Amino acid sequence: MSIDREPPGGMPTADPGRLRLPTEERRRLWEGAVDAVGRYLQDVDADAVAPLVDVAAIREALARQTFERPVEPLAALSMAVEGLRRGQVHTAHRRYFGLFNPTPTDAGIAADLVVAGFNPQLAAWSHNPFAVEVEDHLVRSFAARFGFDASSADGTFASGGAEANHTAVLAALESGFPDVGRAGLRGLGRQPTLYVSREGHHSVHKAARVTGLGAEAVREVRVDPALRMEVGHLEERIAADRAAGLAPFLVVATAGTTSAGAIDPLVEIASVARREGVFLHVDAAWGGAAALVEELRPAVSGIAQADSITFDAHKWLSVPMGAGLFLTRHRDLLHRTFSTHAAYMPRHESGVSVTEPHSHSLQWSRRFIGLKVFLSLLIAGWEGYGAVIRRQTALGRDLREKLAAAGWRIVNDTPLPVVCFVDATRADGASAEVVEAVARGVVGSGEAWISATRVGDGQPVLRACVTSFRTRTEDLDRLIALLDRVRRSLG
Ligand SMILES: Cc1ncc(COP(=O)(O)O)c(C=O)c1O
């Protein structure tokens, strides 16, 4: 980074508002930021994974910042860095067995820096042909990996899986009710209904609420003992709704549920969706990474039959937040769902057919999300990612075995590296009190991070996911030893 050089054209060295800093100060600030990130990622394992946070102290320190007087740049930077170091769960820690929030890739961090500096505006193609073309290329590349025909597939980057799922609900509405954009839901005459398993992500419910479908439009489908959607129950619910005069329009299958990593039976669900003429969306926010590795691909077979897919690069691909992807095999569906016109929208006059991001997304002004995926993938390649996914999957299997050998009962069944378990050595090991006490004990120790969740009919369980590409076998052993200490401390 050539921080020392002033841009040509004689930029004044001192901006009265200090939005552009004098050269030397700017250099120190940027180098300080790069340094702080480097040191953080180097030393993160030495800190408690979840530091004890003093909220009152944070608020007091912030209350002193009234923005009345300019603060020296390095002091301002250090306030932010210290605040983050002491006031967040360190998801980059190798013993963060967490909620799919990975250690960020070096390439992704560099990309975010470049994006902040170049500040590309991805509302319209004409403002950033390069960036939009990069994202288009990624959309086609990921679509092909999931088995879609790249020449007819389409998609958009999103802030994350929640926005991608929201996009799916909107796209499915457009697909099922082509007049909905004009006449609105009340023009439909019948209540549209959608189907998702009890283990599906809450963002589907939220999307139903905020699209105006209403929470009651979501039909929760039962799961089998492996926590996968019961296809028979899906069929029953659709039939009952049709008989009641409702309009089933969307099934959301999950490939890698948030709590337990369960993968719904995609082939069977796809066949129901086809027969019933409803849109099939597969939420593969985390588990979709299985499609990138040959021996794991069978676990998500059927995904290519989906009408659309959610995939988060900021989960298993370890790209910094937020990098969601919505993919569809219907070329014009996003355009039909989102395109609007306004006089101020820049038009392109290149004569070639292009993707207009604003006609593909809920967003208008948008960050160049794809660059962190592009750089990470350029540097690691599919093969590099395959190796990481394979290793984490193997560690997940080891964790399962080690937990079982140490007297924990494994509750979930998935090829993906997330393990749900309860204490089999005590009669009340599966009670909410014990499960939550164990999770609190582990997190409170600072040595590792796991969580408590509920699966199936509300069974409380502990949950540990091999989330960081930095996790190794010795971290699993530390976790097992810690769990043992915590359970013995409960008496
Ligand atoms: C299965 C699934 N879908 C969707 C989401 C939402 O993704 P995001 O957090 O990127 O919005 C998550 C988040 O964990 C998830 O596990």
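Before reading on, note that the structure itself is shown above.
Criteria and cut-off values
- Residues numbered from 1 in each chain as written.
- Predicted model: local features only at pLDDT ≥ 70, side-chain atom pairs only at ≥ 80, totals over all residues.
- Heavy atoms only, no water.
- Buried < 20%, exposed > 50% of the residue type's maximum accessible area, 1.4 Å probe, protein only.
- Helix = DSSP H or I, 4+ residues; strand = E, 2+ residues; numbered from the N terminus.
- Arc of directions from axis to C-beta.
- Contact = heavy atoms within 4.5 Å.
- Pairing = 2+ DSSP bridges.
- Axes fitted to C-alpha atoms, helices over the stretch in contact; angles between N-to-C directions.
- Expected span 1.5 Å × (residues − 1).

### Notes on helix α8 (residues 202-210)
And then number 1: Along α8, the positions that sit buried rather than exposed are Ser203, Val204, Ala207 and Ala208. For α8, the arc enclosing every buried residue in end-on projection is 145°, short of the 170-degree limit, so these residues lie on one face. With respect to the buried face of α8, the exposed residues turned more than 90 degrees away are Arg209 and Val210.
And then number 2: At its buried positions, α8 is contacted by α6 (161-176), β2 (192-197), β3 (218-221) and β4 (247-254).
And then number 3: Trailing α8 by a residue or two, Gly212 shows a phi angle of about 90°, which is positive.

### Here's the deal with the sheet that holds strand β10 (residues 451-455)
Backbone hydrogen bonds are what pair the strands of a sheet, in a parallel or an antiparallel way.
And then number 1: The four strands are arranged β8-β9-β11-β10 in an open sheet whose pairing can be described as antiparallel. The sheet is open, and its two borders are formed by β8 (408-410) and β10, each paired with just one other strand. Strand-to-strand twist in this sheet, taken as the mean axis angle between neighbours without regard to direction, amounts to 50°.
And then number 2: In terms of strand pairing, β8 meets strand β9 (residues 418-423) through three bridges, oriented antiparallel. From the neighbouring strand, Trp408 faces β9, where its bridge partner is Asp423.

### Looking at helix α4 (residues 106-118)
And then number 1: For α4, spanning 13 residues, the distance from its first C-alpha to its last is 19 Å, which sits close to the expected 18 Å at 1.5 Å a residue.
And then number 2: Turning to α4, its buried residues are Ala107, Gly108, Ala111, Asp112 and Val115. Projected onto a plane normal to the axis of α4, the buried residues spread over an arc of 135° and lie on a single side. With respect to the buried face of α4, the exposed residues turned more than 90 degrees away are Asp106 and Gly117.
And then number 3: Those residues of α4 hidden inside the fold are in contact with α12 (370-405).

### Concerning the sheet that holds strand β5 (residues 279-283)
And then number 1: The strand order across the open sheet formed by seven strands is β1-β7-β6-β5-β4-β2-β3, and the pairing between neighbours is mixed. Edge positions in the open sheet fall to β1 (154-158) and β3, since each of these has one partner strand only. Averaged over all pairs of adjacent strands, the angle between their axes in this sheet comes to 20°, without regard to strand direction.
And then number 2: Summarising the sheet, β4 and β5 pair through five bridges and their orientation is parallel. Across the sheet, Thr254 pairs through a bridge with Asp283, a residue of β5.
And then number 3: Strands β1, β2, β4, β5, β6 (308-312) and β7 (324-328) of the sheet are contacted by α6, whose axis makes an angle of about 175° with β5.

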